[in-house]
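Now for the letters of each chain:
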Amino acid sequence: DVVEITLASSEGPEATILDAEQQGRVLFVQGYNEGVVIDGFTVTGGVPTPYDGGPKAGGLTFHLTNIVVRNCNFQGNRGGQGGAIYYGGRGHPLLENCVITENHADQDGGGIFLVNSPGLGGVAADAPVIRGCTIAGNTTDGQGGGVFAWDIVFHLEDSIVAGNSAV
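Note that the structure is a prediction, hence the values are computed from the model and not measured.

As for the overall build of the protein chain
A count of helical and extended segments in the protein chain gives 0 helices and 21 strands. Of the contacts formed within the protein chain by residues at least 6 apart in sequence, a portion of 83% connects residues at least 24 apart. For the protein chain, the exposed surface amounts to about 7,500 Å²; the carbon and sulfur share of it is 50%.

Details of the environment of Glu21
Its place among the elements puts Glu21 in the loop between β2 (17-19) and β3 (27-30). Residue classification places Glu21 among the exposed residues on the basis of a relative accessible area of 57%. For the pair Glu21 and Asn77, spaced 56 residues apart in sequence, the C-alpha to C-alpha distance is 9.6 Å.

As for the nonpolar core
One finds Val69, Phe74, Ile85, Ile100 and Ile112 to be the most contacted residues of the largest nonpolar core, which totals 26 residues. Where this core is concerned, the elements lending two or more residues are β3, β4 (36-39), β6 (60-63), β10 (85-88) and β14 (112-117). Setting aside its immediate chain neighbours within four residues, Phe74 contacts Val43, Leu60, Val69, Ala84, Ile85, Cys98, Val99, Ile100, Thr101 and Asn103. Among the nonpolar cores identified, the runner-up in size contains 5 residues, and Ala57, Phe113, Val115 and Phe148 belong to it.

Considering the packing of aromatic side chains
Tallied over the entire structure, the rule returns 4 aromatic pairs. For the pair Phe62 and Tyr87, a centre-to-centre distance of 4.8 Å together with 40° between the ring planes defines the contact as tilted. Of this pair, Phe62 sits in strand β6 while Tyr87 sits in strand β10; the two residues are 25 residues apart in sequence, bridging distant segments of the chain. Judged on exposure class, the residue Phe62 and its partner Tyr87 are both buried. Here the aromatic rings of Phe148 and Trp150 are separated by 6.5 Å at their centres, their planes lie at 5°, and the arrangement is stacked. It is Lys56 that lies over the ring of Tyr86; its NZ or CZ is 5.1 Å from the centre.

Calculation criteria
Residues numbered from 1 in each chain as written. Predicted model: local features only at pLDDT ≥ 70, side-chain atom pairs only at ≥ 80, totals over all residues. Heavy atoms only, no water. Helix = DSSP H or I, 4+ residues; strand = E, 2+ residues; numbered from the N terminus. Contact = heavy atoms within 4.5 Å. Areas by Shrake-Rupley, 256 points an atom, 1.4 Å probe, with all protein chains shown as cover. Buried < 20%, exposed > 50% of the residue type's maximum accessible area, 1.4 Å probe, protein only. Core = buried A, V, L, I, M, F, W, Y, C linked by side-chain atoms within 4.5 Å. Phe/Tyr/Trp six-rings, centres within 6.5 Å; stacked < 30°, edge-to-face > 60°. Lys NZ or Arg CZ within 6 Å of the ring centre and 35° of its normal.

Below, the structure written as structure tokens:
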């Protein structure tokens with residue numbers, strides 16, 4: 001069954017801020033979902049939580065879902081795998097027109113951590129897409145200051161990845 005859920009800001013990311021205030025993760029989406037859209041927020045102050053299989057990203061963690069995230073700013077989040085965003089599992093999510101900046105990962109992927117998604121059946125056309133995004137000024141104590149990708153096919157289109165740092 002397809003459940004369509006849209007979480008949209010009417011005023012955009014400058015005016016609509018989701019701030020976890022270092023008390024936990026800001027957003028978590030899991031399951032075989034189609035039709036989940038998050039649009040127009042600033043996501044900040046997120047930290048990992050211990051109950052979801054490890055220290056994932058503090059901003060947005062999603063797993064086994066075809067979520068669409070657009071027009072969002074991810075800033076000032078911290079995580080283990082991914083400072084701002086963690087994605088794992090099969091599917092073809094879309095990150096579009098997002099700004100991912102000044103996030104930190106203790107392990108890998110200062111901005112974004114992508115893992116275990118070779119596309120549906122290994123088809124690159126069904127792989128995750130990052131389009132029109134800026135990924136800058138993120139840091140990690142591991143690998144992949146901007147983006148860390150492991151066992152995954154993904155598309156990076158019309159985006160800027162610059163000024164990130166990794167140990």
